[in-house]
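Examination of the molecular architecture
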Amino acid sequence: MSSDYIKSVLETVKKRNANEPEFLQAVTEVLESLDPVFEKNKKYENYKVLERLVEPERQIIFRVPWLDDKGVIQVNRGFRIQFNSAIGPYKGGIRLHPSVNISILKFLGFEQVLKNALTTLPMGGGKGGSDFDPKGKTDNEVMRFCQSFMTELSKHIGADTDVPAGDIGTGGREIGYMFGQYKRLRNEFVGVLTGKGLKWGGSLIRPEATGYGSVYFAEEMLKTKNDTMKGKICAVSGSGNVAQYTVEKINQLGGKAVSLSDSSGTIYDKDGITAEKLAFVMDLKEVRRGRIKEYAEKFKCEFIAGGKPWNIKCDCAFPSATQNEIDGKDAKMLLDNGCKLVSEGANMPSTPEAIEQYLAKKILYGPGKAANAGGVATSGLEMSQNSMRLAWTREEVDAKLHGIMIAIHTQCRNAMKEYNTPDNYVMGANIAGFVKVADTMIDHGCV
Ligand code: NDP
Ligand code: 2IT
């Protein structure tokens, strides 16, 4: 039901980016939700904001050659999409996964622009990565890849230009190798990356931030129904950074997390993933780099080989693995089993068919660009601390993160109210993020 104008912009985007399904999926969802904004205010159409918003400011693609442990040369492809710098330096993670391609990074970069606008902090949007697969590689191989990747990337980024961070496959180890190489090449110690180690400019709570933020957002959504996380049975997917700290916060707020997954399958632990069991997962994933199946063997619970957690009976779902991990069928199972809340720790984990069902059932659905914005928000706080050359305490950063998640929720609710789309956080998040970036682009003229 979009206006002719929005439809025509979408047609052009589809023609220009015909081979980029994930990018088209993300753009379609956003543009289709902006109708009421364009109806109310002609200036966005007059200034061609949409046409500009969907085109990245700059895309960099480069060769990443590196030597494996046998002394054989390997070649990967590196990318950085500098999508939009209207409200601040480009900011967004680096994904290292064999599936990485231009479509995936452009969808992530596009989402990041609007997500960062919601954080209340001055950050533009970008995303980068490589089709390098860290799985099964030694530390030395990962280091040589990261050094080669940064050798080229360093020409395009900077603390006031573009500040990358972690994402799938990029954690503290990779950020360390990349930071070391940047410092060596440029002879400057600056906050050019976030997610750094605590001894060298990192922020407390940054590792926890995405997962904690996603649960804080869920808590805010529940508050609108006079409800809380207490006693809620929660299905969580993934078992990496976001999933781990989602489980930790669910436990702290009195809920019960009963699942985790990786690309090999899902564990279902009816008794709950306690703090002690979570410590095992953290060691398994961050140190031993093993498979989640080991959890089922150690704690004697069910393992669903190759399966996802969405057929588990739960009150709340926290998809925290990857894009399109909940399809229409999965969503139906969740809803049929009584799931009342979905908070997206991952980026675009729900397909359009899944989202349609959440909205039809009017469940509390927090889309990724709002629900998982705590990670990049705390990256923004890391940048602030780096600029001031000081470090806030754990409590200070956590309080700021919590405050930002509440502010994001409030911005969504305000837009939902202003545009009369009650229960629809997709509209709320897309509109609130868009208006901030769009108004700024108009202020800056034809750029
Ligand atoms: P990690 O690399 O730490 O963990 C990723 C987890 O998801 C792993 O369990 C991995 O399993 C699983 N996974 C990844 N790709 C696939 C796939 N194609 N199919 C099945 N399982 C998969 O990444 P993060 O926890 O950092 O990221 C998870 C999600 O959260 C991503 O969507 C990311 O974009 C998003 N996000 C991350 C933020 C951050 O700060 N890190 C901030 C905001 C969003 P396996 O090991 O088997 O591949
Ligand atoms: O998707 C995301 O928001 C991230 N991977 C975090 C980006 C960041 O700059 O912290």
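Before any of the text, the structure's been laid out above.
The structure contained in this document is the topic of the report that follows.

What counts, and at which threshold
- Residues numbered from 1 in each chain as written.
- Chains lettered and ligands numbered in written order.
- Predicted model: local features only at pLDDT ≥ 70, side-chain atom pairs only at ≥ 80, totals over all residues.
- Heavy atoms only, no water.
- Helix = DSSP H or I, 4+ residues; strand = E, 2+ residues; numbered from the N terminus.
- Buried < 20%, exposed > 50% of the residue type's maximum accessible area, 1.4 Å probe, protein only.
- Contact = heavy atoms within 4.5 Å.
- Near = heavy atom within 4 Å.
- Polar contact = N/O pair within 3.5 Å; in protein donor to acceptor, adjacent residues only side chain to side chain.
- Areas by Shrake-Rupley, 256 points an atom, 1.4 Å probe, with all protein chains shown as cover.
- Nonpolar A, V, L, I, M, F, W, Y, C, P; charged D, E, K, R; others polar.
- Patch = residues over 30% accessible without salt bridge, like charges linked within 9 Å, V, L, I, M, F, W, Y side chains within 5 Å.
- Salt bridge = Lys/Arg side-chain N within 4 Å of Asp/Glu carboxyl O.
- Phe/Tyr/Trp six-rings, centres within 6.5 Å; stacked < 30°, edge-to-face > 60°.
- Core = buried A, V, L, I, M, F, W, Y, C linked by side-chain atoms within 4.5 Å.
- Pairing = 2+ DSSP bridges.

1. Looking at the environment of Y47
For Y47, the position within the fold is in the loop between α4 (43-46) and α5 (49-53). Residue classification places Y47 among the partly exposed positions, given a relative accessible area of 45%. For Y47 and K308, which are 261 residues apart along the polypeptide, the C-alpha to C-alpha distance reads 44 Å. Residues contacting Y47, with those up to four places away along its chain left out, are R52 and I442.

2. Here's the deal with the site of ligand 1
Residues in contact with ligand 1 amount to 25 residues; listed here are only the nearest, K135, D167, R206, S263 and N347. Taking R95, its side chain carries an N or O atom lying 3.0 Å from an oxygen atom of ligand 1. Within the contact set of ligand 1, an oxygen atom lies 2.9 Å away from a backbone nitrogen or oxygen of G169. For ligand 1, the protein covers 83% of the area, taking 880 Å² as the surface of the free molecule. Listed by contribution, the elements that provide at least two residues to the shell around ligand 1 are α9 (206-223), α10 (241-252) and β8 (259-262).

3. Some remarks on the site of ligand 2
The environment of ligand 2 is formed by 14 residues, the closest being K91, K115, D167, R206 and S379. Contact between ligand 2 and K91: an oxygen atom at 2.6 Å from a side-chain N or O atom of the residue. Within the backbone of G166, an N or O atom sits 3.0 Å from a nitrogen atom of ligand 2. Here ligand 2 has 300 Å² of accessible area as a free molecule, and 93% of this is covered by the chains. Elements that contribute at least two residues to the shell around ligand 2 include exactly β3 (90-96), α6 (102-118) and α16 (374-388). Within the shell around ligand 2, the residues separate by chemical class into two nonpolar, seven polar and five charged.

4. A look at a nonpolar patch on the surface
A cluster of nonpolar side chains, namely L67, I73 and V75, defines an oily patch on the protein surface of about 300 Å² accessible area. Checked against the element boundaries, I73 lands in strand β2 (residues 73-84).

5. Considering the pattern of salt bridges
Any two side chains of opposite charge can pair, so long as their charged atoms come close to each other. Scanning the entire structure with this criterion turns up 27 salt bridges. With a shortest N-O distance of 2.7 Å, D162 and R80 are connected by a salt bridge. Of this pair, D162 sits in strand β5 (residues 162-165) while R80 sits in strand β2; the two residues are 82 residues apart in sequence, bridging distant segments of the chain. R80 matches D162 in its accessibility class, with the two residues each being buried. Residue K127 pairs with D167 through a salt bridge whose shortest N-O separation is 3.0 Å. Here K127 is found in strand β4 (residues 125-130), whereas its partner D167 is found in the loop between β5 and α8 (172-186), with 40 residues between them in sequence.

6. Details of the packing of aromatic side chains
On inspection of all chains with the given rule, the structure shows 20 aromatic pairs. Both rings, one in W66 and one in F132, keep their centres 5.3 Å apart while their planes meet at 85 degrees; by these two values the pair is edge-to-face. With W66 in strand β1 (residues 58-67) and F132 in the loop between β4 and α7 (139-153), this pair connects stretches of sequence that are 66 residues apart. Residue W66 is classed as buried on the basis of its relative accessible area of 5%. Seen from their ring centres, F217 and Y425 are 5.9 Å apart, and the 70 degrees between their planes marks the pair as edge-to-face. Linking F217 in helix α9 with Y425 in helix α18 (residues 425-443), this pair joins segments that are 208 residues apart in sequence.

7. So, the nonpolar core
In this structure, F318 and F434 are the most contacted members of the largest nonpolar core, which totals 99 residues. When residues of this core are assigned to their parent elements, the largest contribution, 10 residues, is made by α18. Leave out the neighbours within four places in its chain, and F434 touches L34, V37, F38, Y44, V49, L50, L53 and L114. L96, V142, I157 and M178 belong to the second largest nonpolar core, which has 20 residues in total.

8. Section: the sheet that holds strand β6 (residues 233-236)
On the basis of which strands lie adjacent, the open sheet formed by five strands has the order β7-β6-β11-β12-β13 and parallel pairing. Edge positions in the sheet fall to β7 (256-257) and β13 (364-366), since each of these pairs with one other strand and no more. Inspection of the sheet shows strand β11 (residues 316-318) paired to strand β12 (residues 341-343) by two bridges, in the parallel sense. If you follow A317 over to β12, its bridge partner there is V342.

9. Focus on the pairing of β8
Residues of β8 alternate between two faces, with S259 and S261 on one and L260 and D262 on the opposite face, all of them buried. With four bridges connecting them, β8 and strand β9 (residues 265-268) associate as antiparallel partners. Bridged to D262 within β9 is G265. Between β8 and β9, which follow one another and run antiparallel, lie two residues.

All quantities given are derived from atomic positions and should not be read as evidence of function.
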